[in-house]
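# Residue-level structural notes
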Amino acid sequence: MPFKDFSLFISDTKIGGPFAEALKSGKIFASKCDRCGRMFFPPRPECPDCLAEDVSYVEAPTRGELLSFTAVFVPPAHYAAPPAKMPFSKVAQTPCPVGVVAVAGDLRIMGWIPGMALKDIKVGSLFDVEAKTLKNGQLTIILSPV
Amino acid sequence: MKHKVAIVGAAQGKFGVREDASHRELAFEAFAGALKDSGMKKSEIGSMVTAIAADEFSFALQPSAQMHDYLGLLPKANFRVEGACASGSMALRVGWMTVASGLSDIVLVLGAEKMTEVPTAVATEIMGKGGDAIWEYPFGMSFPGYYAMIAQAHMAAFGTTEEHLAMVAVKNHFYGSQNPLAHMQKEITLEKALGSFLVAYPLKLYDCSLITDGAAAVLLANEERARDFAKPPVWIEGIGTATDTMRIAEREKVHTLQASVIAGEEAYQMAGVTPKDIDVATVHDCFTIAEICAYEDLGFCPKGEGGPFIADRQTYIGGSIPVNVDGGLKSKGHPVGATGVAMAVEITKQLRGESGSRQVPGAEIGLTHNVGGSGQVVGVTIYRKD
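Bear in mind that the values here come from a model prediction, so they are computed numbers and not experimental data.

## With respect to the environment of T140 of chain A
Residue and element names in this part refer to chain A. Position of T140 relative to the elements: it lies in strand β8 (residues 139-145). Spatially, the C-alpha atoms of T140 and G111 are 7.5 Å apart, while their sequence positions differ by 29 residues. Polar side-chain contacts of T140 include one of 3.1 Å to the side chain of W112.

Below, the structure written as structure tokens:
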């Protein structure tokens, strides 16, 4: 799988192919240093602590507390709605909330929170993290309340 | 260090939507202002350090060379320093190093940005990529989005409210309305701030700083030259810099800018002062929540009490520590590369007693706090009146 299907801009990284493949098959990969055992999300092909290049890809834990969230109402150009064609009109976009879940100690995973109203989302509540393939083929991560 | 370092000339150009001027012309305004302020001859400048945050705004590979040539400083040394929104403070740090080490007796530090060359949505995209462009931008994150997450975490942990955030905006607009160089010189009410549209939940329009064009410059000199100029020197007594994770999600506490805490401690220690000794401060209020975090992370109030601290008007003139009485980034504007240098200009003027209706009476020790990105790099500088 091309990593661009997830990252939007970057063609590839050393871990991009396997990461995107895993997302496509419904898994979220973290990396684990074979020498010191430290885990990383996003995954990386080397360990910055012991400089080892022997890492394994492992499935990241999928449940944890929501650390914080937002919904971006004024999006960057990439996500902005096209201008209204009707004169004197505006196109309103209702953005999907985005949050960060702490799945295991210091492993933090960002994802969309589809289908939840902002007022119902609470920092500290439990969420599950899931890989998701969108209809247009784009790969992403979503968070669902437990 | 071989030398002590002082600011001997300081000027900020008009901040705003400057369709009338190019990047290099904005730089010239600030440069000429600082030179006149000091009474120095241009030939006395030994070298220059330039702060520009993003090539995407300047449409040039080496915008600092364009400016330097335009100022007429050839063949003196010049290069650019980049630290996102803290570029200005990082350039000040490099300028300070250049003088302290004895490499130059006098250094020009200039920051400039012309952000309105691109449409707002493009500026939002450029700034959004100031986060992790590979791992966070795919979730539609904008710059306000990162600070919105900081705000949400702060509210959940400490009970900070949207009203507290709006109070910061009201204060900064109150002082910005008295600053003729500010981008938006108008007061706002709490109701207006609370009623403005959402940018990134829970941050609204009036929680956000402005997309602004502008430039600022300071002239630094060592102790042998510092008293040769028109105005009394303002000494740089402490300078601290620290860094934090690229991804905001990886911070141990999302509501704390740990780089602010560490850079602050470093600067206080070097200057031999404590937070209580600071008479006037400019802090990085790119968003209202950022000013509340700064109160706490710099030790002006205990962690978690930033909301009540603004509610008690402790950061107005007459309170325990006046903060951003130039209007802050919120109302004065935030031309990214210029911001850190403009903060140094404001504190220099305050310590000289030149701030008119916004003067903090008897100010002797000042502090600037400048955050790059969402806390990836922070510069804290402490200044003392001669």
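## Describing the sheet that holds strand β1 (residues 29-33) of chain A
All names here are of chain A. The sheet built from three strands is open, its strands ordered β2-β1-β3 with antiparallel pairing. In the strand order of this sheet, the two ends are held by β2 (39-40) and β3 (55-59), each with one partner. Strand direction decides the pairing type here: β1 and β2, joined by two bridges, are antiparallel. The residue of β2 that forms the bridge with S31 is F40.

## Digging into the packing of aromatic side chains
Within the structure shown, the criterion is met by 24 aromatic pairs over all chains. An aromatic cluster is built from F3, F6, F19, F41, Y79 and W112 of chain A together with W135, Y137 and F139 of chain B, whose rings are joined through pairwise contacts. Above the plane of the ring of W235 of chain B lies K4 of chain B, whose end atom (NZ or CZ) is 4.5 Å from the centre. A cation over a ring is seen here: R313 of chain B above Y316 of chain B, with NZ or CZ 3.9 Å from the ring centre.

## Some words on the sheet that holds strand β8 (residues 234-243) of chain B
Residues and elements named next belong to chain B. Strand order in this open sheet of nine strands is β3-β2-β4-β7-β1-β8-β11-β10-β9, and the pairing throughout is mixed. Two strands close off the open sheet at either side, each with one partner strand: β3 (77-81) and β9 (280-282). Ignoring strand direction, the axes of neighbouring strands in this sheet form an average angle of 25°. Pairing of β8 with strand β11 (residues 377-385), which is carried by nine bridges, proceeds in the antiparallel orientation. Opposite T241, over in β11, you have G379 as the bridge partner. Against the sheet, helix α3 (residues 63-71) contacts β2 (47-51), β3 and β4 (106-114), and its axis sits at roughly 145° relative to β3.

## Side note on the domain arrangement of chain B
Residue and element names in this part refer to chain B. You can read the domains of chain B as domain 1 (5-118 + 212-234) and domain 2 (126-207 + 237-385). Measuring from the centre of the C-alpha atoms in domain 1 to the corresponding centre in domain 2 gives 23 Å. Taken together, the contacts link 46 residues of domain 1 with 41 residues of domain 2. Each partner contributes to the roughly 3200 Å² buried at the junction of domain 1 and domain 2, and carbon and sulfur atoms together form 69% of this total. Three residues stand out in domain 1 for area buried against domain 2, namely F15, C85 and V234, and they jointly supply 22% of the buried area on that side. At the surface where domain 1 touches domain 2, the tally comes to three salt bridges. K231 serves as the salt-bridge partner of E354, at 3.3 Å between the closest nitrogen and oxygen. The interface formed by domain 1 and domain 2 holds twelve residue pairs in polar contact (both at pLDDT 80 or more) in total. When residues of the side of domain 1 that touches domain 2 are traced back to their parent elements, those giving at least two are β1 (5-12), α2 (55-58), α4 (87-100), β4 and β7 (213-222). The element best represented in the side of domain 1 that touches domain 2 is α4, accounting for seven residues. Residues belonging to the side of domain 1 that touches domain 2 are distributed by class as follows: 28 nonpolar, eleven polar and seven charged.

## Comments concerning unusual backbone geometry
Between F41 of chain A and P42 of chain A the backbone carries a cis peptide bond, its omega angle lying at -5°. Tracing the backbone shows P42 of chain A in the loop between β2 and β3. In this structure, P75 of chain B follows L74 of chain B across a cis peptide bond, with omega equal to 0°. Mapped onto the secondary structure, P75 of chain B falls in the loop between α3 and β3. Even without glycine at this site, L51 of chain A takes up a positive phi of about 60°. Given the relative accessible area of 67%, L51 of chain A is considered exposed. Positioned with a positive phi, R313 of chain B is a non-glycine residue whose angle comes to about 60°. Take R313 of chain B: its relative accessible area is 48%, and that puts it in the partly exposed class.

Conventions and cut-offs
Residues numbered from 1 in each chain as written. Chains lettered and ligands numbered in written order. Predicted model: local features only at pLDDT ≥ 70, side-chain atom pairs only at ≥ 80, totals over all residues. Heavy atoms only, no water. Helix = DSSP H or I, 4+ residues; strand = E, 2+ residues; numbered from the N terminus. Polar contact = N/O pair within 3.5 Å; in protein donor to acceptor, adjacent residues only side chain to side chain. Pairing = 2+ DSSP bridges. Phe/Tyr/Trp six-rings, centres within 6.5 Å; stacked < 30°, edge-to-face > 60°. Lys NZ or Arg CZ within 6 Å of the ring centre and 35° of its normal. Axes fitted to C-alpha atoms, helices over the stretch in contact; angles between N-to-C directions. Contact = heavy atoms within 4.5 Å. Domains from an automatic or database assignment. Buried area = accessible area lost by both parts, 1.4 Å probe. Salt bridge = Lys/Arg side-chain N within 4 Å of Asp/Glu carboxyl O. Nonpolar A, V, L, I, M, F, W, Y, C, P; charged D, E, K, R; others polar. Buried < 20%, exposed > 50% of the residue type's maximum accessible area, 1.4 Å probe, protein only.

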